[in-house]
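Listed below are the residues making up each chain.
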Amino acid sequence: MARTLILYVEDNPDNRMLIRRLLMAAGFDLLEAENATQMWALLEQQRPDVILMDLHLPGVDGFTLTRQLTQDARYADIPVVALTADVLRDTPQRCREAGCVGYITKPIDVDTFLDDLQRYLNRPKEQSGS
Ligand code: MN
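The structure reproduced in this document is the subject of the present report.

What counts, and where the lines are drawn
- Within each chain, residues carry numbers counting from 1 in the order of the written sequence.
- Local features in this predicted model are restricted to residues of pLDDT 70 or higher, and side-chain atom pairs are both shown and tallied only at a pLDDT of 80 or more, whereas totals for entire chains, interfaces and linings draw on every residue.
- By convention in this description, side-chain values take in all heavy atoms of the structure and omit both hydrogens and water.
- Here a strand is any run of E in DSSP of at least two residues, a helix any run of H or I of at least four, and the numbering for each starts at the N terminus.
- Here the globule rule is a power law, 2.2 Å times the number of residues to the power 0.38, and the radius of gyration is based on C-alpha atoms.
- Keep in mind that water is not among the atoms, so a site may look incomplete; donors are the N, O and S atoms within 2.8 Å of the metal, or 3.2 Å for Na, K and Ca.
- Under the scheme applied here, a residue whose accessible area is under 20% of the maximum for its type counts as buried, over 50% as exposed, and between as partly exposed, the area being computed with a 1.4 Å probe on protein chains only.
- Should DSSP find at least two bridges between two strands, the strands are regarded as paired.
- For helices, the fitted line uses only the C-alpha atoms of the stretch in contact; every axis is such a line through C-alpha atoms, and the angle between N-to-C directions lies from 0 to 180 degrees.
- In what follows, residue pairs with any heavy atoms lying within 4.5 Å of each other are defined as contacts.
- To sort the angles, those under 35 degrees are grouped as roughly parallel, those over 145 as roughly antiparallel, those from 65 to 115 as roughly perpendicular, and the leftovers as oblique.
- If you view the pair so one helix is near and one far, a crossing is left-handed when the near helix is turned anticlockwise from the far one by less than a right angle, and right-handed when it is turned clockwise.
- For this classification, the nonpolar set comprises Ala, Val, Leu, Ile, Met, Phe, Trp, Tyr, Cys and Pro, the charged set comprises Asp, Glu, Lys and Arg, and every other residue, Gly included, is treated as polar.

### Digging into the overall build of the chain
Thought 1: Across its full length, the chain carries five helices and five strands.
Thought 2: Walking the chain from its N terminus toward its C terminus, one meets helices and strands in the order β-α-β-α-β-α-β-α-β-α.
Thought 3: Taking 130 residues into account, the globule formula puts the C-alpha radius of gyration at 14 Å, and the chain, at 13 Å, falls close to it.
Thought 4: Seen along its three principal axes, the alpha-carbon backbone of the chain occupies a region of about 35 × 30 × 30 Å.

Here is the structure:
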């Protein structure tokens, strides 16, 4: 059975290192992008099963990137899970409106992160709405 390929879009190297350790220890394959340009370049080459999206990125932010992915027929069926330190009241709604299937708050809880992620892996994107 093919391994699950995850694309993590994140500009903070410390966050990337932590997620990298967790995902690789759990047997996932991981692609990393620091910004929009790197993300689009990687997507030309490989097809991830899920995209983890930092919302605060230099240049094009994660909300905008998610919207662009969702509206692009080539990538619309790849679920996007937001990773955010925002605890603002409207953040969940903004994530949904951008097209995210869900979000995980930072700093991540290393004890629950993999379970949280797993919930989004086997769920068709169409069921995430409302
Ligand atoms: Mn960031």
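### Section: the environment of Y103
Thought 1: Of note, Y103 is situated in strand 5 (residues 102-105).
Thought 2: Separated by 99 residues in the primary sequence, Y103 and T4 have C-alpha atoms spaced 19 Å apart.

### Re unusual backbone geometry
Thought 1: The step from K106 to P107 runs through a cis peptide bond, and the omega angle for that step is 0°.
Thought 2: Structurally, P107 is set in the loop between strand 5 and helix 5 (113-121).

### What to know about the coordination of the manganese ion
Thought 1: The protein atoms that coordinate the manganese ion are D11 (OD), D54 (OD) and H56 (O), at distances of 2.1 to 2.2 Å.
Thought 2: Within one chain, the residues serving as donors to the manganese ion are arranged as D-x42-D-x1-H. On the criterion of sequence distance, the pair formed by D11 in the loop between strand 1 (5-9) and helix 1 (13-25) and H56 in the loop between strand 3 (50-54) and helix 3 (62-70) is long-range, its members being 45 residues apart.
Thought 3: Here D11 falls in the partly exposed class, since its relative accessible area comes to 31%.

### Examining the sheet that holds strand 1
Backbone-to-backbone hydrogen bonds pair the strands of a sheet. The strands run either parallel or antiparallel.
Thought 1: Ordered in space as 2-1-3-4-5, the five strands form an open sheet in which the pairing is parallel. Whereas interior strands pair on both sides, the edge strands pair on one side only; in this sheet they are strand 2 (29-33) and strand 5. For this sheet the average axis-to-axis angle between neighbouring strands, irrespective of direction, equals 25°.
Thought 2: Across four bridges, the pairing between strand 4 (residues 80-84) and strand 5 is parallel. Each bridged residue has a counterpart across the sheet, and for A82 the counterpart in strand 5 is Y103.
Thought 3: The sheet strands contacting helix 5 are strand 1, strand 3, strand 4 and strand 5, and the helix crosses strand 5 at an angle near 175°.

### Points about the packing of helix 2 (residues 36-45) against helix 3
Thought 1: Running from amino to carboxyl end, helix 2 crosses helix 3 at an angle of 25°, the nearest separation of the two axes being 11 Å. Here helix 3 runs roughly parallel to helix 2, going by the angle between their axes. Crossing hand, helix 2 versus helix 3: right-handed. Across the interface between the two elements, A36, M39, W40 and L43 of helix 2 pack against L65, Q68 and L69 of helix 3.
Thought 2: A per-class count over the contact of helix 2 with helix 3 returns six nonpolar, one polar and no charged.

### A word on the environment of T64
Thought 1: By the element assignment, T64 lies in helix 3.
Thought 2: Taking the relative accessible area as the measure of exposure, T64 reaches 29% and is therefore partly exposed.
Thought 3: It is 22 Å that separates the C-alpha atoms of T64 and L30, two residues lying 34 residues apart in sequence.

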